[in-house]
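Geometric and topological summary
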Amino acid sequence: MSPSPTSAPRIVVTVAVAARQPEPDLSERRNALYAAAVSRHGGTPIVLDAMSTPGERAEAFGTMDGLLISGGADLHPERYGRPDRGSTTVELERDALEAEAWEVAQSRGRPVLGICRGFEAINVFSGGTLLQHVDGHQGPRWGKGPALEHPLRVAPGTRLARILFPTNARGGVLRVNSYHHQAVRAGDLAPGLVANAWASSPAGDLVEGLEAADGRFVFGVQCRPERQKSTQPAFERLFSVFVDAARGPADRR
């Protein structure tokens, strides 16, 4: 079912279990930023983590209008058929939760937005791989100092370019925050996904934005646009377009 004209789309937001993190209060605040981004643009966030019960998951997935996969720990390299060569903290239960959420969203044609780990998860769940460590892209943790920033080159003609630069689909360069130590290179990108943004690194150019090649609303960004203090305002349009896509086609609202 598509949401009615007067109902807010229900966005499932998968997050880390705050109580299991080294600083639970800080983790709760980080998680809240994703829900706030959904709410700002008229969606209803339905937050799930690895401790959510089977009943809670079933209800959330059964009424899901969109899926936001948030940032956090590394995916286990077994998910993409690689030995451990630089991964740090992994959360197997979260990997399983998000793989299930992804499958439900794809089977039902729901829009998906992945942020940081979520960007990497979309690539892995679609059949891609990851570079397990890259230098120079992980600054202070959120809440522990100013964000590391770098230029992001948005590829011309992509759907992301049209969202971030609505009057100039030729793309451009934006400064973004950077909180990751894993990455996607061109050769790691899954079939069916298109690179729509790039950043430089000691390992060469990195894919830092992706979208589905077939027009489905599947987008991922490596930066953290929910962290508004270190994010350019253009990224609010990405959240807005995502929530609007979750409302369903206009003729079915």
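Just so it is clear, the model here is predicted, and its values are computed rather than measured.

1. Describing the packing of helix H3 (residues 92-107) against helix H4 (residues 117-125)
Between H3 and H4, the shortest axis-to-axis distance is 11 Å and the interhelical angle comes to 65°. In terms of their interaxial angle, H3 and H4 are classed as roughly perpendicular. Here the hand of the crossing between H3 and H4 comes out right-handed. Contact residues: Arg94, Asp95, Glu98, Ala99 and Trp102 in H3; Arg117, Ile122 and Phe125 in H4. Within the contact of H3 with H4, the residues separate by chemical class into 4 nonpolar, no polar and 4 charged.

2. Here's the deal with the layout of surface pockets
Of the voids in this model, the largest pocket is the one considered here, and its volume is about 750 Å³. For the largest pocket, the lining is made up of 34 residues, of which Gln21, Arg30, Gly72, Ala73 and Arg224 are closest to its centre. For the lining of the largest pocket, the secondary-structure elements that each account for two or more residues are helix H1 (24-40), H3 and H4. Ranked by residue count, the leading element in the lining of the largest pocket is H1, at 4 residues.

3. Side note on the confidence of the model for the chain
In this model, the chain carries a mean pLDDT of 91, and residues with pLDDT of at least 70 account for 92%. Throughout residues 1-5 the model reports pLDDT below 50, and contacts reaching past four residues in sequence, or to other chains, amount to 10 contacts.

What counts and how
Residues numbered from 1 in each chain as written. Predicted model: local features only at pLDDT ≥ 70, side-chain atom pairs only at ≥ 80, totals over all residues. Heavy atoms only, no water. Axes fitted to C-alpha atoms, helices over the stretch in contact; angles between N-to-C directions. Helix = DSSP H or I, 4+ residues; strand = E, 2+ residues; numbered from the N terminus. Parallel < 35°, antiparallel > 145°, perpendicular 65-115°, else oblique. Left-handed = near helix turned anticlockwise from the far one by under 90°. Contact = heavy atoms within 4.5 Å. Nonpolar A, V, L, I, M, F, W, Y, C, P; charged D, E, K, R; others polar. 1 Å grid on protein atoms, 1.4 Å probe; cavity = no way out; pocket = protein on both sides within 12 Å on 5 of 7 lines; lining within 4 Å. Points joined across faces, edges and corners; volume = space filled by probe spheres on them. pLDDT = per-residue confidence, 0-100.

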